[in-house]
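What the coordinates show
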Amino acid sequence: MSIEFGLDTFGDITRGADGELLSGAQTIRNIVEQAEQADSVGVDFFGVGEHHRTEFAVSAPEMVLATIAGRTKDIRLGTAVTVLSSDDPVRVFERFSTLDALSNGRAEVVLGRGSFIESFPLFGYDLRDYDALFEQKLELFVELLKEEPVTWSGSMRASLENANVFPKTANGLRTWVGVGGSPESVVRVARHGLGLMLAIIGGPAGRFRQFVDLYHRSVASFGTTSHPIAVHSPGHIADTDDEAWEAAYSGFEAMNNTIGRERGWPPYSRARFQNDIGPAGALYVGSPERVAAKIADTVTTLGLGRFDMKYATGTLSHEAMMRSIELYGSEVIPRVRKLLADRD
């Protein structure tokens, strides 16, 4: 089974050795160092998310990725995700085709509607247009991916007439769409012939099998191109289970409680955390042996072509994340590959 392994970060603001929160600027510089570490240990992909709120440092991921491109050699670079609804498809394509040039063909883009909505009022978009914005802009982006002059019209942006967009890429721009579990979203991805990235942040992976099957049925029905399925899920790795759990808990608690206050979730707890790191949960936290076994089970259950671990959550320290990345590349990935080979 051919499988790729990635790492994602939203650029969470972390704490330094003195316990104080780092600046956004230092957090961004640390992300570049984390990407260099990922490249050095053989990780296939590094994704940087786009957010516009106080907990996260990165609002312009392409700038961060461009810096990473100049300091790495092999790792593929992309987003996690780009909020296409509140951006301009032409500018998104131009930025990523530029990143593709700088990285010598290593750029990817993961598009999404945005589970966080701060970018909509920030850039002057009406949340009542949430669905229409993404549908029309994705339609235009798919046309831009052909890298030919585009004629397009819609109600959410100005029309284009035989518009040519530059720079061109050498071998095309690999494009995914992040989906949280809506059947309509899965069908949309299949209709456009793009890659499906399932964001699994809660519950057992097996419940997403229905969306994998729906994607494959829809691709066959539309006659579009089928792509490998990918999963994005949170995790943290340390030398032992206890060390990983102790390091990770406070970050997961803080992030869940912050977002939960906005969305009406109950307070996070140790009991919830223990469930989430078990077979019925979506957190990949523990020793290399534990995390590898859980990833292998997810890959097998869903028939994945890629697994991306969101390695940064909350205020987990830079040093802990660097060790997690090291263990992911040097121990977890080889273990998963062996487990999968033994099952074939």
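In case you missed it, the structure is sitting above this.
Just so we're clear, the structure is a prediction, and the values are computed from it rather than from any experiment. (Residues numbered from 1 in each chain as written. Predicted model: local features only at pLDDT ≥ 70, side-chain atom pairs only at ≥ 80, totals over all residues. Heavy atoms only, no water.)

Quick notes on the overall build of the protein
- A tally of regular secondary structure across the protein gives 11 helices and 12 strands.
- Relative to the 2.2 N^0.38 estimate, which gives 20 Å for 344 residues, the radius of gyration of the protein is 19 Å and therefore close to what a compact globule would have.
- Principal-axis analysis of the C-alpha atoms places the extent of the protein at approximately 60 × 45 × 45 Å.
- In the protein, buried positions account for 53% of the 344 residues.
- Taking all contacts inside the protein whose residues are at least 6 apart in sequence as the whole, residues at least 24 apart take part in 71%.
- Where the 34 positive side-chain charges of the protein centre and where its 46 negative ones centre are 3 Å apart. (Helix = DSSP H or I, 4+ residues; strand = E, 2+ residues; numbered from the N terminus. Rg over C-alpha atoms; globule rule 2.2 N^0.38 Å. Buried < 20%, exposed > 50% of the residue type's maximum accessible area, 1.4 Å probe, protein only. Contact = heavy atoms within 4.5 Å. Lys, Arg positive; Asp, Glu negative; His and termini not counted. Charge placed at Lys NZ, Arg CZ, Asp CG, Glu CD.)

What to know about the pattern of salt bridges
- Taken as a whole and judged by the stated rule, the model has 28 salt bridges.
- Residues Arg53 and Glu55 are paired through a salt bridge, measuring 2.6 Å at the closest nitrogen-oxygen approach.
- For Arg53, a relative accessible area of 11% corresponds to the buried category.
- Glu55 sits in the buried class, given a relative accessible area of 17%.
- Notably, a salt bridge pairs Glu108 with Arg76, separated by 2.5 Å at the nearest N-O pair. Residue Glu108 is found in strand S5 (residues 108–112), and its partner Arg76 is found in strand S3 (residues 76–79); the two are separated by 32 residues along the sequence.
- In this structure Glu108 comes out as buried when scored by relative accessible area, which is 0%. (Salt bridge = Lys/Arg side-chain N within 4 Å of Asp/Glu carboxyl O.)

Looking at helix H3 (residues 89–102)
- Between the first and last C-alpha of H3 there are 20 Å, a value that for 14 residues agrees with the 20 Å anticipated at 1.5 Å per step.
- When we look at burial in H3, the residues that qualify are Pro89, Val90, Val92, Phe93, Glu94, Phe96, Ser97, Leu99 and Asp100.
- The secondary structure elements touched by the buried residues of H3 are helix H2 (61–71), S3, strand S4 (82–83), S5, helix H5 (130–144) and strand S7 (160–163).
- A side-chain oxygen of the first residue of H3 lies 3.0 Å from the backbone nitrogen of Val90; this N-cap is Asp88. (Expected span 1.5 Å × (residues − 1). Polar contact = N/O pair within 3.5 Å; in protein donor to acceptor, adjacent residues only side chain to side chain.)

A few points about the nonpolar core
- Counting residues in hydrophobic clusters, the biggest one holds 80 residues, and the most contacted among them are Leu7, Phe46, Phe141, Leu198, Ile295 and Tyr328.
- Looking at this core, the element that brings in the most residues is helix H11 (residues 318–343), giving 9 residues.
- In this structure, Leu7 is in contact with Ala38, Val43, Phe45, Phe46, Gly47, Asp308, Met309, Tyr311, Ile325 and Tyr328, ignoring residues within four places of it in sequence.
- Membership of the second largest hydrophobic core comes to 11 residues, among which are Ala238, Ala248, Ile277 and Leu283. (Core = buried A, V, L, I, M, F, W, Y, C linked by side-chain atoms within 4.5 Å.)

Remarks on the environment of Pro121
- Tracing the sequence through the fold places Pro121 in helix H4 (residues 119–122).
- Owing to a relative accessible area of 58%, Pro121 belongs among the exposed residues under this scheme.
- In this structure the C-alpha to C-alpha distance between Pro121 and Gly281, which are 160 residues apart in sequence, comes to 34 Å.

A few points about the side chain of Thr72
- In this structure, Thr72 sits in the loop between H2 and S3.
- By relative accessible area, which is 8% here, Thr72 ends up buried.
- Within the structure, the side chain of Thr72 is placed 2.9 Å from the backbone oxygen of Ile68, a separation counted as a polar contact.
- If sequence neighbours within four positions are ignored, Thr72 has contacts with Ala35, Glu36, Asp39, Leu77 and Arg106.

Observations concerning the layout of surface pockets
- As a volume, the largest pocket reaches approximately 1,100 Å³.
- The set of elements that each furnish at least two residues to the lining of the largest pocket consists of S5, H5, strand S8 (174–179), helix H6 (183–192), strand S9 (195–199), strand S10 (230–237), helix H8 (241–263) and helix H9 (270–276).
- Sort the elements by how many residues they give to the lining of the largest pocket and H8 lands first, with 5 residues.
- Residues belonging to the lining of the largest pocket are distributed by class as follows: 24 nonpolar, 16 polar and 10 charged.
- By volume, the second largest pocket is sized at about 240 Å³.
- For the lining of the second largest pocket, the element with the most residues is S8, which contributes 3 residues.
- A breakdown of the residues in the lining of the second largest pocket according to their chemical character gives 6 nonpolar, 6 polar and 2 charged. (1 Å grid on protein atoms, 1.4 Å probe; cavity = no way out; pocket = protein on both sides within 12 Å on 5 of 7 lines; lining within 4 Å. Points joined across faces, edges and corners; volume = space filled by probe spheres on them. Nonpolar A, V, L, I, M, F, W, Y, C, P; charged D, E, K, R; others polar.)

Note that every value here comes from positions in space, so none of it alone points to a role or purpose.
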